[in-house]
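# Close look at the chain arrangement
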Amino acid sequence: MKLRIRAKDRTVVLDVPQDASLSDLALSIKESMIGRGDDFQLSLNGRDALRQGGDSRLSDVGIVAGDLIFVVIEARHTDGAASISNECPSSPSLHATTLERNEASSQLKEHSTVHQNQQMTSACEETIEDIKMEHNCQEIDVSLLSKLYSSSGVSTLNEAICVALHSFMLECGFQCPSSHGRVCMPDGWKQQGVHKMVYRLPESASMSCSLVVVSLGPCLVVHGMVNSVTQNEHKMQIKPSDFIRGDTPLSSGADDVYHSLSSLFDHFKLTIADQLIDDIKRESGIVDRASLLGLVPEIKVWQEL
């Protein structure tokens, strides 16, 4: 599976095995991104380090495909005195000794300045990431999800995931024809082993798309497709136990049952919802106003003579 790794001032995508451990991930990061002399820790929010053992699998700590993993590099405190040699040459000159001391002092000042700049840069990056994390959490409409969950009669983990996906689709602008404006799950969404939900976009009511969720062992395969001649299909795989607390009864409510939904929402929106919106607009001939083709004809390029 592919993970986004953010270290220092860059973000890369690493492809790791599905059953990889934290130690395997740390080794891949050290070999590809971090210097071998640097000590670091892994974090899901840029502040709190993962405290689980190195043999823990990524799925055991809630890491799924598409997640953003932060690399927190531990500052190495170097004793300035240790970098200055205490051994004197057999017959040192006063001028040479003074030059050595001045050079050592200059190096210590330079190291201190660089260390302070790194700390300031790290603090700024953490503040930016805090804002991004808060924004991601706010993207999920908790009130909508709670209403859907309480009215759907969830009895299995798969049904709980389907309720979350339906909530995501509504947040992305889709409408459910069978709901008639009510906050509820689509008609006939509960089936044995397969869950199907149909949606439309307000700007293209004549074309619909379907979300089909199929159980495959401990995982769910989500298929998103436009009901047209082309039958474009997009899919992703979800492990329900990665987002539902196993020690909480499903009757407890959405606030207690779900966890880490922001990462699921980001991955679902990128992989399924946004792709379906593009497919429907392309099939319907809808031009995005934010694109160059959406500019009105009256806009002209003026040239000074």
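In case you missed it, the structure is sitting above this.
Anyway, here's the lowdown on the structure attached to this text. Note that the coordinates shown come from a computational prediction; the quantities given were computed from them, not determined experimentally.

### Here's the deal with the overall build of the chain
Looking only at helices and strands, the chain has six helices and eight strands in total. Counting helices and strands in the order they occur from the N terminus, the chain gives β-β-α-β-β-α-α-α-β-β-β-β-α-α. A burial count over the chain gives 35% of its 305 residues as buried. Long-range pairs, those at least 24 residues apart, make up 56% of the contacts in the chain between residues at least 6 apart in sequence. Of the roughly 18700 Å² that the chain leaves accessible, carbon and sulfur atoms contribute 52%.

### Some thoughts on the nonpolar core
Counting residues in each nonpolar core, the largest one holds 47 residues, and the members touching the most others are F174, Y258 and F268. Looking at this core, the elements with two or more residues in it are α3 (142–152), α4 (157–171), β5 (194–201), β6 (204–216), β7 (219–226), β8 (233–238), α5 (254–257) and α6 (261–284). Element by element, the count of residues in this core is highest for α6, at nine residues. If sequence neighbours within four positions are ignored, F174 has contacts with M169, Y199, R200, L201, C209, A273, L276, I277 and I280. Within the second largest apolar cluster, 19 residues are counted, among which are M1, A7, L22 and L58.

### A few points about α6
Approximately 50 degrees is the largest bend angle found in α6, and it occurs at K269. Within the sequence span of α6, burial applies to L261, S263, L264, F265, F268, T271, I272, A273, L276, I277, D279 and I280. Immediately beyond the C-terminal end of α6, within one or two residues, lies G285, with a positive phi of roughly 75 degrees.

### Topic: the pairing of β8
What you see with β8 is a clean split: H234, M236 and I238 sit on the buried side and E233, K235 and Q237 on the side with no burial. Here six bridges tie β7 to β8, and the two strands are oriented antiparallel to one another. Paired with V221 across the two strands is Q237, which belongs to β8.

### Concerning the packing of aromatic side chains
Under the definition given, this model contains four aromatic pairs. The interplanar angle of 35 degrees and the centroid separation of 4.8 Å between the aromatic rings of F168 and F265 together place this pair among those described as tilted. Within this pair, whereas F168 is found in helix α4, its partner F265 is found in helix α6, the two being separated by 97 residues in sequence. Grouping residues by exposure puts F168 and F265 together as buried.

### Some points on the packing of α4 against α6
Between α4 and α6, the shortest axis-to-axis distance is 10 Å and the interhelical angle comes to 60 degrees. Between α4 and α6, the angle is such that the two are oblique. As for the relative orientation of α4 and α6, their crossing is right-handed in sense. Here L165, F168, M169 and E171 of α4 come into contact with α6, specifically with L261, L264, F265, F268, A273 and L276.

### Concerning the sheet that holds β5
Strands belonging to one sheet form pairs held by backbone hydrogen bonds; the direction of such a pair is parallel or antiparallel. Taken in spatial order, the four strands line up as β5-β6-β7-β8 in an open sheet, and their pairing is antiparallel. Because the sheet does not close on itself, it has two edges, and the strands there are β5 and β8. In this sheet, adjacent strand axes meet at a mean angle of 20 degrees when their direction is disregarded. As paired elements, β6 and β7 share eight bridges and run antiparallel to each other. The partner of V213 across the bridge, within β7, is V222.

About the criteria used
Residues numbered from 1 in each chain as written. Predicted model: local features only at pLDDT ≥ 70, side-chain atom pairs only at ≥ 80, totals over all residues. Heavy atoms only, no water. Helix = DSSP H or I, 4+ residues; strand = E, 2+ residues; numbered from the N terminus. Buried < 20%, exposed > 50% of the residue type's maximum accessible area, 1.4 Å probe, protein only. Contact = heavy atoms within 4.5 Å. Areas by Shrake-Rupley, 256 points an atom, 1.4 Å probe, with all protein chains shown as cover. Core = buried A, V, L, I, M, F, W, Y, C linked by side-chain atoms within 4.5 Å. Bend = angle between axes of the 7 residues up to and from the residue. Pairing = 2+ DSSP bridges. Phe/Tyr/Trp six-rings, centres within 6.5 Å; stacked < 30°, edge-to-face > 60°. Axes fitted to C-alpha atoms, helices over the stretch in contact; angles between N-to-C directions. Parallel < 35°, antiparallel > 145°, perpendicular 65-115°, else oblique. Left-handed = near helix turned anticlockwise from the far one by under 90°.

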